[in-house]
Amino acid sequence: ACPGKPANGGCVIGRVAEAESASPAVGAEEAAAPARPDTPPSAAAQAPSWKIGDIADVTLTLTVPATRRHVVVFSPFPAGMEPLHASRVDLAERDLDTGGVWNTAEQRDDGLLLYAPVLPPGVYSYTYKLRAAAPGAFVCRPATVEEMYTPEVSGRTNEQLVEIAGTGTEVR
C-alpha cells in the first residue's frame, strides 16, 4: 500500500475528530471503512481546522469481521495537539461503555495505544480527547490496527493534515 492511502488486511479502522461541542471541525472526518488501497484520500479528509485551545473528541472505530486475538491499535497524535488525560472515574465509565474489551489503554506522548486479548466479530469504538496547543500545519500519521502474532491481519486510516490557527498574540 502507498503512504497516505488506507490499507485493509482483515480489519477496518476509522478515525473521526469532532469539536467537543459535537459539531465536526471542518474536514475532520476520515473514511470509516477504507476502500481499496489505490483509492485517493478525499479532499475533506486533508485539513481539519482548529484554533489554539480547541478540544477535539477523537473517535476510533474498529470493525472486526472474525474473532481476532492479541489486537493492538495505535492512534498517533498530530504535533501541535496534546492529550487530555482522563480521571479515574472517566476511565471506569469508559470501560463500562466499551464492554471492557480493551485490556490496556495507554496515552503516550506521541499517541494512544490500545490492546485487547480477544475481539469477537463486531464494531468497537474508543474516544479520547486532544487539545490544540500550537499553531501551524501538522501531519497526523495513520491510525493502525494489527493482530500481534499475525501481522498480515491489519488495517490503517489515511494520514491527515491538521491545521491549527493561532490566537494572533504569538511572538514571531
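Residues numbered from 1 in each chain as written. Predicted model: local features only at pLDDT ≥ 70, side-chain atom pairs only at ≥ 80, totals over all residues. Heavy atoms only, no water.

This part covers the sheet that holds strand β4 (residues 49–51). If you trace the 3 strands from one edge of the open sheet to the other, you get β4-β14-β11, paired in mixed fashion. Looking at strand neighbours, the two that pair on one side only are β4 and β11 (136–140), the edges of this open sheet. Sheet twist, expressed as the mean angle between neighbouring strand axes with direction ignored, is 30°. (Pairing = 2+ DSSP bridges. Helix = DSSP H or I, 4+ residues; strand = E, 2+ residues; numbered from the N terminus. Axes fitted to C-alpha atoms, helices over the stretch in contact; angles between N-to-C directions.)

Even without being glycine, H70 reaches a positive phi, approximately 55°. Inspection of the secondary structure puts H70 in strand β6 (residues 68–76).

Turning our eyes to something else, we now look at the nonpolar core. Of all hydrophobic cores here, the largest spans 32 residues; its most connected members are W50, L62, V73, M81, W102, L119 and Y128. Those elements that place two or more of their residues in this core are β2 (12–19), β5 (55–64), β6, β9 (111–119), β10 (122–132), β11 and β14 (160–165). Beyond its immediate chain neighbours, meaning those up to four positions away, M81 contacts W50, A56, L130, R131, A132, A133, V162 and I164. (Core = buried A, V, L, I, M, F, W, Y, C linked by side-chain atoms within 4.5 Å. Buried < 20%, exposed > 50% of the residue type's maximum accessible area, 1.4 Å probe, protein only. Contact = heavy atoms within 4.5 Å.)

To continue, consider the confidence of the model for the protein. The predicted model of the protein has a mean per-residue pLDDT of 75, with 67% of residues at 70 or higher. Per-residue pLDDT stays below 50 along residues 1–6; that stretch engages in 23 contacts with residues further than four places along the chain or on separate chains. In this model residues 22–46 is a low-confidence stretch, pLDDT under 50, and it forms 59 contacts with partners more than four residues away in sequence or in other chains. (pLDDT = per-residue confidence, 0-100.)

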